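Coordinate inspection notes
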Amino acid sequence: MLSVLARRARYINAAITLITLSALFIALVVVMLFVNAFLRWDLSVFIACMFILSMLSLAAALSAFLIEVRIATNTLQIGIEAAEAADAASRHDE
């Protein structure tokens, strides 16, 4: 059971890290859009790359979260089945 919890914690940690990176990339995109507008620098390639990195990070974070939810759901299902089996065994003993 502890190994399942450790595995879930790794996925949650990865999801939080990736979503934070995504938010930072978006913040950088907004700052660079203003710099691009006011200073007339050509930052279009940099802005596009940051946006793409943000979307990739967001997709990876959502994937990690989905995997963690599936692990949790499967673990819960196994726990329910074990509890039902124990309940049935205790009723049989009575």
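Use the structure listed above.
The structure reproduced in this document is the subject of the present report. (Residues numbered from 1 in each chain as written. Predicted model: local features only at pLDDT ≥ 70, side-chain atom pairs only at ≥ 80, totals over all residues. Heavy atoms only, no water.)

This part is about the overall build of the chain. Each helix and strand counted, the chain has two helices and zero strands in total. A globule of 94 residues ought to have a C-alpha radius of gyration of about 12 Å, yet the chain, at 23 Å, is considerably larger. Dimensions of the chain, computed from the C-alpha atoms along their principal axes, are close to 85 × 15 × 15 Å. Across the 94 residues of the chain, 16% fall into the buried class. Relative to all contacts within the chain whose residues are 6 or more apart in sequence, the contacts with residues 24 or more apart total 69%. As displayed, the chain has an accessible area near 7000 Å², and 72% of this comes from carbon and sulfur atoms. Positive and negative side-chain charges in the chain, numbering 6 and 7 respectively, have mean positions lying 15 Å apart. (Helix = DSSP H or I, 4+ residues; strand = E, 2+ residues; numbered from the N terminus. Rg over C-alpha atoms; globule rule 2.2 N^0.38 Å. Buried < 20%, exposed > 50% of the residue type's maximum accessible area, 1.4 Å probe, protein only. Contact = heavy atoms within 4.5 Å. Areas by Shrake-Rupley, 256 points an atom, 1.4 Å probe, with all protein chains shown as cover. Lys, Arg positive; Asp, Glu negative; His and termini not counted. Charge placed at Lys NZ, Arg CZ, Asp CG, Glu CD.)

Bringing helix H1 (residues 2–39) into the picture now. Helix length check: H1 (38 residues) gives 54 Å between terminal C-alpha atoms against 56 Å at 1.5 Å per residue, within 8%. Turning to H1, its buried residues number three or more, namely Ala15, Ser22, Val29 and Met32. Looking one or two residues past H1, Arg40 carries a phi angle of roughly 60°, positive in sign. (Expected span 1.5 Å × (residues − 1).)

Nothing here speaks to function; it is geometry throughout.
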